[in-house]
Amino acid sequence: MNRFLKTSLLATALALGAGFAAAPAFAYDEASPAAINVDAGVILHGHDAVAYQTENRPVKGNAAFSATHEGATYHFVSAANRDAFLADPARYAPAYGGFCAMGAALEKKLDIDPTQFKVVDGRLYLNVNADVFTAWEKDIPTNIKNANQNWPGIKDTAPNAL
């Protein structure tokens, strides 16, 4: 993506009120692999990855029903959700290692607000806050395309290095 377009998108996101500045406290665990957004090893701020798709809402999981996938611990509301995840983790794992989808589109790794999500074509996408989600939602196909192109280049880079 050219620099002008990237700068314009970032400026738009920032102009939407609080923009990236109002992001929740960044939870990224620097001891974890750079490709995964976790806090103390837990992804999605402890929300159930399966519930996003089956209930179309964020639901806080329970550590009693947990599973590990690609270096991240997932919490679920039930053994059934945990088992569904383990049967097909690629279906339920969030895009971009659980980092903000708009951030990935702009070559950044930002934390997420678990309430700012959308399931698109069976894939979970999250954003840093409501303003950024609104900007991302205005052109989902282009933002996903840009994020998919950018992700291989930023995946293994620590968020603070971008």
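Residues numbered from 1 in each chain as written. Predicted model: local features only at pLDDT ≥ 70, side-chain atom pairs only at ≥ 80, totals over all residues. Heavy atoms only, no water.

Novice: Explain the pattern of salt bridges here, please?
Specialist: Any two side chains of opposite charge can pair, on the condition that their charged atoms come close. For the structure on display, the rule yields three salt bridges. R57 is the partner of E55 in a salt bridge, and the nearest nitrogen-oxygen pair spans 2.8 Å. The exposure class assigned to E55 is partly exposed, which follows from its relative accessible area of 35%. Among the salt bridges present, the one from D83 reaches R82, with a minimum N-O distance of 3.2 Å. On the accessibility criterion, D83 (40% relative accessible area) is partly exposed. (Salt bridge = Lys/Arg side-chain N within 4 Å of Asp/Glu carboxyl O. Buried < 20%, exposed > 50% of the residue type's maximum accessible area, 1.4 Å probe, protein only.)

Novice: Please explain the pairing of strand β5 (residues 113-120) as it appears in this structure.
Specialist: In summary, the side chains of a regular strand alternate between the two faces of the sheet. Here β5 runs beside strand β6 (residues 123-127); their pairing, made up of five bridges, is antiparallel. Paired with K118 across the strands is Y125, a residue of β6. Linking two consecutive strands that pair antiparallel, namely β5 and β6, is a turn of two residues; a positive phi of about 50 degrees is found at D121 within it. (Pairing = 2+ DSSP bridges. Helix = DSSP H or I, 4+ residues; strand = E, 2+ residues; numbered from the N terminus.)

Novice: Looking at this structure, I do not really get the nonpolar core. What am I missing?
Specialist: Proteins that are soluble and globular tend to have nonpolar side chains buried together. Judged by nonpolar contacts, the single largest core of 41 residues is most densely connected at L44, Y74, F85, Y96, M102, Y125 and W136. For this core, the secondary structure elements donating two or more residues are α2 (49-54), β4 (72-76), α5 (101-105), β5, β6, α6 (130-137) and α7 (140-154). A total of five residues in this core trace back to one element, the largest contributor, which is α7. (Core = buried A, V, L, I, M, F, W, Y, C linked by side-chain atoms within 4.5 Å.)

Novice: I'm lost on the layout of surface pockets in this one. Help?
Specialist: It is a probe the size of a water molecule, rolled over the atoms, that shows where empty space is left. Roughly 260 Å³ of volume is contained in the largest pocket. Residue lining of the largest pocket: 15 residues in total, with E70, A93, P94, G97 and R123 positioned closest to the centre. (1 Å grid on protein atoms, 1.4 Å probe; cavity = no way out; pocket = protein on both sides within 12 Å on 5 of 7 lines; lining within 4 Å. Points joined across faces, edges and corners; volume = space filled by probe spheres on them.)

Novice: What exactly am I supposed to notice about α7 here?
Specialist: Three or four residues apart is the spacing at which side chains of an α-helix point the same way, because the helix has 3.6 residues per turn. With 15 residues, α7 extends 20 Å from end C-alpha to end C-alpha; this agrees with the ideal 21 Å at 1.5 Å per step. Looking at α7, one finds that the buried residues are I140, N143, I144, N146, A147, N150, W151 and I154. In this fold, the buried residues of α7 make contact with α5, β5, β6 and α6. (Expected span 1.5 Å × (residues − 1). Contact = heavy atoms within 4.5 Å.)

Novice: Sorry if this is basic, but what is going on with the packing of aromatic side chains here?
Specialist: To describe a pair of aromatic rings, you give the distance between the ring centres and the angle between the ring planes. Tallying each qualifying case throughout the model produces nine aromatic pairs. Taking 6.3 Å as the distance between ring centres and 15 degrees as the angle between the ring planes, the aromatic pair formed by Y74 and F76 counts as stacked. The exposure class assigned to Y74 is buried, which follows from its relative accessible area of 3%. A centroid spacing of 4.4 Å and a plane angle of 40 degrees characterise the contact between Y74 and F85, whose relative ring orientation is tilted. Remark: F85 occurs in helix α3 (residues 79-87) and Y74 occurs in strand β4; sequence separation between them is eleven residues. Members of the aromatic cluster, joined through ring pairs, are Y96, F99, Y125, F133, W136 and W151. (Phe/Tyr/Trp six-rings, centres within 6.5 Å; stacked < 30°, edge-to-face > 60°.)

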